[in-house]
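Observations on the three-dimensional arrangement
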Amino acid sequence: MSSSLASSYELINDINCDVTPYNSGAGFAPVGGVFNGNLNGNNFSILQLYMSNPVSASDGLFSETNTANIKFITFKNVNLTFNSPGGVVSGSDYGSNFSNLLITGSIYGNNLNNIGGVTSYLEEGKIDNVFVNVNFTITGTSSSNLGGLVGYVALNSKIDNSMVTGKIIGDDNVGGLVGYMYYGSAGIDNSYSNADITGTNLVGGLAGNSYELSLIKNSFFVGNVTGSGPSVGSIFGYGSNGVVVNSFWNNHTNNPNISLGSDSSVDMNPIQDNISYFYDSSNQPLSVWNSSLWEFSGSTLPTLKSFPIGPASVPGICGISNNLCSQGNLNNTADNSTHYLWDCDGFNGGTTISCNQLISQSPNVSSSITLPSIGFFSALVSIVSIFSFLLF
């Protein structure tokens, strides 16, 4: 794939990355170069993507994207330790569209700038219909620009119809959706965060810092914000000519009793410790949201219709030989006189499957289980055992 970065690709099955050598050591290395092609996941999943301190200028599935289109992919249970600015999908981006993505798992790092659930940096790009449920732990007093979706959002970038849950722990410029929003037409619309956010200074429920006419519109925050510095708020940590229109937060004891820092244009209202207000689609800002994209049950927070809430379940799948699982956790059971017997336990609510193999013969599994094909890149890619894309 790295030798044909302008081409169009699609996933043709789920991909399990929890295989040797990509589930230990350094794990998966980002696709290098600048990807400016198309990737359609066809609603398939990439499971257990693992990275540990990759050696690259920016970290993610792709090291860098430019005017790419990446859509309809679920990243389940990522486990990423970054050594550079990074995001799950792209280490850094200019001008790309990211849509219909679900991302769950954990991200770690120390003394890093620009970390996001989708990408570290977004300029002239768009994020739409994206759900991130990730626990971020970025330690060190030199860390800055950490956001549930994007670390740093710049010129003419848009975030629409997206949501973030999980925990976000950083230092400065920490936000539920965006760490730092900078200058001219950078905007968030019809989105919300229900994350627990912890930082030092410039910490906000939706954005840590908003600068020079960046816009938050028709959005809300209902999580928890904690910070020890002077610029901590339930919408912005600090705003310098940032603009907020028709946006809200749930004002309760775990949040600052202010929405944002000084010198900002304000059109928002606190909802006094009443999270059920945000269950009702007739209330602002939900009344202007697109009901074809959002599910309003009346008894929970709105959800994107494309995605479930919470960490994705991973079912057990029998391996190609006795006492092996191609997915899930191995649980040995006592063999009998004719068969090897073992279980592959799912996790996060995933199902467990019982496996058996005639001694000295090929494995056999329950008739209700079909073994998936092993994932691979096209011949253009060297790491053939991880991803499955069809070049068209």
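Another aspect to go through is the overall build of the protein. Secondary structure summary: the protein contains zero helices and 39 strands in total. Taken across its 392 residues, the protein has 56% of its residues classed as buried. At a minimum sequence separation of 6, the contacts of the protein that also span at least 24 residues come to 73%.

This brings us to the packing of aromatic side chains. Enumeration according to the criterion identifies 14 aromatic pairs in this entry. A ring pair is formed by Phe-35 and Phe-62, whose centres lie 4.4 Å apart and whose planes are at 10°; its orientation type is stacked. Here Phe-62 lies in strand β6 (residues 62–66) and Phe-35 lies in strand β3 (residues 31–35), a separation of 27 residues in the sequence. Judged by relative accessible area, which is 0%, Phe-35 ranks as buried. Given the relative accessible area of 1%, Phe-62 is considered buried. Considering the side-chain rings of Phe-220 and Phe-278, the 4.5 Å spacing of their centres and the 20° angle between planes classify their relative orientation as stacked. Of this pair, Phe-220 sits in strand β25 (residues 220–221) while Phe-278 is found in the loop between β31 (268–272) and β32 (294–295), placing the two residues 58 residues apart along the sequence. Each member of the pair Phe-220 and Phe-278 is classed as buried. An aromatic cluster of at least three residues, connected via ring pairs, comprises Tyr-192, Phe-220, Phe-248, Tyr-277, Phe-278, Trp-289 and Trp-294.

One pass over the structure, following the stated rule, counts two disulfides. Across a sulfur-sulfur distance of 1.9 Å, Cys-318 and Cys-355 are joined as a disulfide pair. A torsion of -90° about the S-S bond marks the disulfide between Cys-318 and Cys-355 as left-handed. Of this pair, Cys-318 sits in strand β34 (residues 317–318) while Cys-355 is found in strand β38 (residues 353–358), placing the two residues 37 residues apart along the sequence. Its relative accessible area of 0% is what places Cys-318 among the buried residues. Bridging Cys-325 to Cys-344, the disulfide has an S-S length of 2.1 Å. Note on the Cys-325 and Cys-344 pair: the S-S dihedral is about -95°, so by sign convention the disulfide is left-handed. In this pair, Cys-325 is assigned in strand β35 (residues 325–327) and Cys-344 in strand β37 (residues 339–345), connecting sequence segments 19 residues apart.

Here is what the cut-offs are and how they apply
- Residues numbered from 1 in each chain as written.
- Predicted model: local features only at pLDDT ≥ 70, side-chain atom pairs only at ≥ 80, totals over all residues.
- Heavy atoms only, no water.
- Helix = DSSP H or I, 4+ residues; strand = E, 2+ residues; numbered from the N terminus.
- Buried < 20%, exposed > 50% of the residue type's maximum accessible area, 1.4 Å probe, protein only.
- Contact = heavy atoms within 4.5 Å.
- Phe/Tyr/Trp six-rings, centres within 6.5 Å; stacked < 30°, edge-to-face > 60°.
- Disulfide = S-S within 2.5 Å.

This is a description of form; function is not addressed.
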